[in-house]
Amino acid sequence: MAPSRVLSPQSVWDLPAVLAAFRERGIKERHVYKLWSMLLKNPDVAWSDIPDLPKAAAVLLEQQFSRCTSTVLRCQQSTGGDTTKLLIQLQDGMQVEAVVMHYDTSDRYTGREEAAGWGNKRSTLCVSSQVGCQMGCTFCATGTMGLKGNLCCGEIVEQLVHATRVTPIRNIVFMGMGEPLSNYEAVKAAVGMMGEPRLFGIGCRHITVSTVGVIPRIKQMAADLPGVSLALSLHAPTQELRRTIVPSARAYPLAKLMDAVAEYQAASQQRVFVEYVVLAGVNDGPEQAHELGQLLQGRDMVINLIPWNPVYQPDGPFFAAPAEGSVEGFQRILRSSYGLHCTIRQEKGQDISGACGQLVIQHAQQAGGCSSEAAGSSSSTGGLKDIEELVAAAPAAAR
């Protein structure tokens, strides 16, 4: 159970909260979308200056809501310019991160992007859904701190609001701090706002939700979030190994997890992305590659191998990055022996602690110690494979 967090004032980007308040005052829902649309154009507009907004709505917003409940404490750009990391402070002083990854497709530009109005460059935003995480993955710094609280819908959407002031965002991945499916209702509402054509207009096929494997919610996703992609943080090919590095595997055994994913795919007709963090001497050997191939063979999945991203570890290193060539060897086994579609994630933002959460924990240490407001994570955004390339690999029925 996540510790309770109550915002006062609430975020105007919190869909459930705003709708509930409007209904209570008898204000029509259509005015909510008018409000958000105006805020995207003019973030500082006075409530009373929004055209056709009822006076009762303006009074309500002034009393109970804030245009933005979070602030950007730090904005870091990687040396190569391909990653921008935002350290965001929440209303109660806790901190989360959002990471923007910039992709240049000039070398494989076909003109399709220009026809869609994007040119040959695009950006993907990785958002956080919780402060900390209760899943306790041993290679993830966020997991070592436990769960400090869930983000509300508005705090998730505000990460997108902040990011759009850096660059236009085309893709969203829920791969930052926290387990998205453990904060399901807020994530579901945030995805709805992100995809709303009258607002951000990010299509469902451009949104990916990652999970370590919360089985009941995986089964719900196909109905609740149609078209949204699922990414499974697997990291091990057997239950025995998985439970040593992903403690939540004790509650969600691998066999039942794979059954839930199969059920999701049958309902959604979508390809699933499998994330596999490669840890030297732990899960990177030929034996594990063959076990993973046997587990996934015949399933409609794309495996994304993620060389472990070195993270800030105040108590010393516990894992090491894989040796040169070992990830490629792992990939060859999956491709040649099992016919699986497998990619290797390109590294991004290591010079600015690119994996989500690292900037938070470093900032807290510099301020005099890691407190309950600090978190760290070796989550997979340190080198996110261009999500559009993975989606493009899916068959037409899966889109």
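Please refer to the structure placed before this passage.
Residues numbered from 1 in each chain as written. Predicted model: local features only at pLDDT ≥ 70, side-chain atom pairs only at ≥ 80, totals over all residues. Heavy atoms only, no water.

Observations concerning the overall build of the protein chain
Next, step 1: On a plain count of helices and strands, the protein chain comes out with 13 helices and 14 strands.
Next, step 2: Buried positions account for 57% of the 399 residues belonging to the protein chain.
Next, step 3: Across the protein chain, every contact between residues at least 6 apart in sequence was considered, and the portion connecting residues at least 24 apart equals 69%.
Next, step 4: Element-wise, carbon and sulfur atoms account for 49% of the exposed surface of the protein chain, whose accessible area totals about 15900 Å². (Helix = DSSP H or I, 4+ residues; strand = E, 2+ residues; numbered from the N terminus. Buried < 20%, exposed > 50% of the residue type's maximum accessible area, 1.4 Å probe, protein only. Contact = heavy atoms within 4.5 Å. Areas by Shrake-Rupley, 256 points an atom, 1.4 Å probe, with all protein chains shown as cover.)

Examining the nonpolar core
Next, step 1: In terms of nonpolar packing, the biggest core is built from 107 residues, with Trp36, Phe139, Ile172, Phe174 and Leu296 touching the most fellow members.
Next, step 2: The biggest single contributor to this core is helix 6 (residues 184-195), with 8 residues.
Next, step 3: What tryptophan 36 contacts, discounting residues up to four positions off in sequence, is Val12, Trp13, Leu15, Val18, Met193 and Leu199.
Next, step 4: With 9 residues, the next largest nonpolar core counts Val99, Cys126, Val173 and Val302 among its residues. (Core = buried A, V, L, I, M, F, W, Y, C linked by side-chain atoms within 4.5 Å.)

Quick word on unusual backbone geometry
Next, step 1: The omega torsion of the bond from serine 8 to proline 9 falls at 0°, within 30 degrees of zero and hence cis.
Next, step 2: Within the secondary structure, proline 9 sits in the segment before strand 1 (10-11).
Next, step 3: In this structure, aspartate 52 takes a positive phi of about 65° despite not being glycine.

Here's the deal with the side chain of serine 128
Next, step 1: Here serine 128 is to be found in the loop between strand 6 (121-126) and strand 7 (130-132).
Next, step 2: In this structure serine 128 comes out as buried when scored by relative accessible area, which is 0%.
Next, step 3: Within the structure, serine 128 has its side chain in polar contact with the backbone oxygen of glutamate 97 (distance 2.8 Å). (Polar contact = N/O pair within 3.5 Å; in protein donor to acceptor, adjacent residues only side chain to side chain.)

What to know about the pairing of strand 10 (residues 207-211)
Next, step 1: With 5 of 5 residues buried, strand 10 is to be regarded as a mostly interior element.
Next, step 2: Here strand 9 (residues 171-174) runs beside strand 10; their pairing, made up of 3 bridges, is parallel. Note on strand 10: the bridge partner recorded for valine 173 is threonine 208.
Next, step 3: With helix 6 bridging strand 9 and its parallel neighbour strand 10, the resulting β-α-β unit is right-handed.
Next, step 4: Taken together, the 4 bridges between strand 10 and strand 11 (residues 229-233) define a ladder with parallel strand orientation. Within the sheet, the bridge partner assigned to threonine 208 lies in strand 11 and is serine 229.
Next, step 5: A crossover links strand 10 with its parallel partner strand 11, the connecting element being helix 7 (residues 215-224), and its sense is right-handed. (Pairing = 2+ DSSP bridges. Right-handed = clockwise from strand over helix to strand, strands pointing away.)

Concerning the pairing of strand 11
Next, step 1: For strand 11, a buried count of 5 out of 5 residues is recorded, marking the element as mostly surrounded by other parts of the structure.
Next, step 2: Across 3 bridges, the pairing between strand 11 and strand 12 (residues 272-278) is parallel. From the neighbouring strand, leucine 232 faces strand 12, where its bridge partner is valine 274.

Here we look at the pattern of salt bridges
Next, step 1: One pass over the structure, following the stated rule, counts 9 salt bridges.
Next, step 2: Notably, a salt bridge pairs lysine 219 with glutamate 263, separated by 4.0 Å at the nearest N-O pair. One end of the pair, lysine 219, is in helix 7; the other, glutamate 263, is in helix 9 (residues 254-268), with 44 residues separating them in the sequence.
Next, step 3: Residue classification places lysine 219 among the partly exposed positions, given a relative accessible area of 40%.
Next, step 4: We classify glutamate 263 as partly exposed; its relative accessible area is 44%.
Next, step 5: Taken together, the shared-partner salt bridges connect Arg5, Asp92 and Glu155 into one network. (Salt bridge = Lys/Arg side-chain N within 4 Å of Asp/Glu carboxyl O.)

Notes on the packing of aromatic side chains
Next, step 1: Applying the stated rule across the entire model yields 4 aromatic pairs.
Next, step 2: Between tryptophan 13 and phenylalanine 200 the ring centres are 6.0 Å apart and the planes differ by 45°, which places this aromatic pair in the tilted class. Highlighted residues: tryptophan 13 in the loop between strand 1 and helix 1 (15-24) and phenylalanine 200 in the loop between helix 6 and strand 10, separated in sequence by 187 residues. Phenylalanine 200 shares its class with tryptophan 13; the two are buried.
Next, step 3: Relative to phenylalanine 330, the ring of tyrosine 276 has its centre 5.2 Å away and its plane inclined at 40°; by these criteria the two rings are tilted. Taken together, the residues tyrosine 276 in strand 12 and phenylalanine 330 in helix 11 (residues 326-338) connect sequence positions 54 residues apart.
Next, step 4: By relative accessible area, which is 0% here, tyrosine 276 ends up buried.
Next, step 5: Take phenylalanine 330: its relative accessible area is 2%, and that puts it in the buried class.
Next, step 6: Lying over the aromatic face of tryptophan 47, arginine 67 brings its terminal NZ or CZ to 4.1 Å of the ring centre. (Phe/Tyr/Trp six-rings, centres within 6.5 Å; stacked < 30°, edge-to-face > 60°. Lys NZ or Arg CZ within 6 Å of the ring centre and 35° of its normal.)

Concerning the environment of valine 246
Next, step 1: Summarising the element assignment, valine 246 is placed in the loop between helix 8 (239-245) and helix 9.
Next, step 2: For valine 246, a relative accessible area of 0% puts it in the buried group.
Next, step 3: Each C-alpha atom of the pair valine 246 and glycine 213 lies 9.9 Å from the other, and the pair is 33 residues apart in sequence.
Next, step 4: The residues touching valine 246, leaving out its near neighbours within four places in the chain, are Cys137, Phe139, Val212, Leu234 and His235.

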